[in-house]
Amino acid sequence: MDTFPYESWEEAGQAARDLGEAYFTFGPGGNAATIILTILGFAVMAVTIFGGMYLENRNLEEHVERIKDQGMI
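Residues numbered from 1 in each chain as written. Predicted model: local features only at pLDDT ≥ 70, side-chain atom pairs only at ≥ 80, totals over all residues. Heavy atoms only, no water.

K.L.:
What should I look at first to understand the overall build of the protein chain in this one?
P.N.:
Within the protein chain, the secondary structure is distributed over two helices and zero strands. A burial count over the protein chain gives 5% of its 73 residues as buried. Carbon and sulfur atoms provide 65% of the accessible area of the protein chain, an area that totals close to 6,500 Å². (Helix = DSSP H or I, 4+ residues; strand = E, 2+ residues; numbered from the N terminus. Buried < 20%, exposed > 50% of the residue type's maximum accessible area, 1.4 Å probe, protein only. Areas by Shrake-Rupley, 256 points an atom, 1.4 Å probe, with all protein chains shown as cover.)

K.L.:
Can you help me understand helix H2 (residues 32-69) in this one?
P.N.:
Helix length check: H2 (38 residues) gives 55 Å between terminal C-alpha atoms against 56 Å at 1.5 Å per residue, within 8%. One or two residues past the end of H2 sits Gly-71, with phi positive at roughly 80 degrees. (Expected span 1.5 Å × (residues − 1).)

K.L.:
Can you help me understand a negative patch on the surface in this one?
P.N.:
On the surface, a cluster of negative charge is contributed by Glu-61, Glu-62, Glu-65 and Asp-69. Among the structural elements, Glu-65 can be located in helix H2. (Patch = residues over 30% accessible without salt bridge, like charges linked within 9 Å, V, L, I, M, F, W, Y side chains within 5 Å. Salt bridge = Lys/Arg side-chain N within 4 Å of Asp/Glu carboxyl O. Lys, Arg positive; Asp, Glu negative; His and termini not counted. Charge placed at Lys NZ, Arg CZ, Asp CG, Glu CD.)

K.L.:
What is the right way to read a nonpolar patch on the surface from this model?
P.N.:
Taken together, the side chains of Phe-42, Met-45, Ile-49, Phe-50 and Met-53 make up a nonpolar region of the molecular surface, amounting to roughly 560 Å² of accessible area. Residue Phe-50 is classed as exposed on the basis of its relative accessible area of 56%.

Take a look at the structure:
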């Protein structure tokens, strides 16, 4: 599917300079949906990173306890 609304990239660049419009693949940039999805993406990324760090920390602490119980430390 060809969704590019201009005949060439030069025409798109000229429209961006003259009319202040910017080419965005699936819709206008800077609208509320784009901002909300960007914020949600950052939130999911942060939860994933901190959740992974918490899980790894818990696993390491359990492993240290097992080693201590075996008398290796």
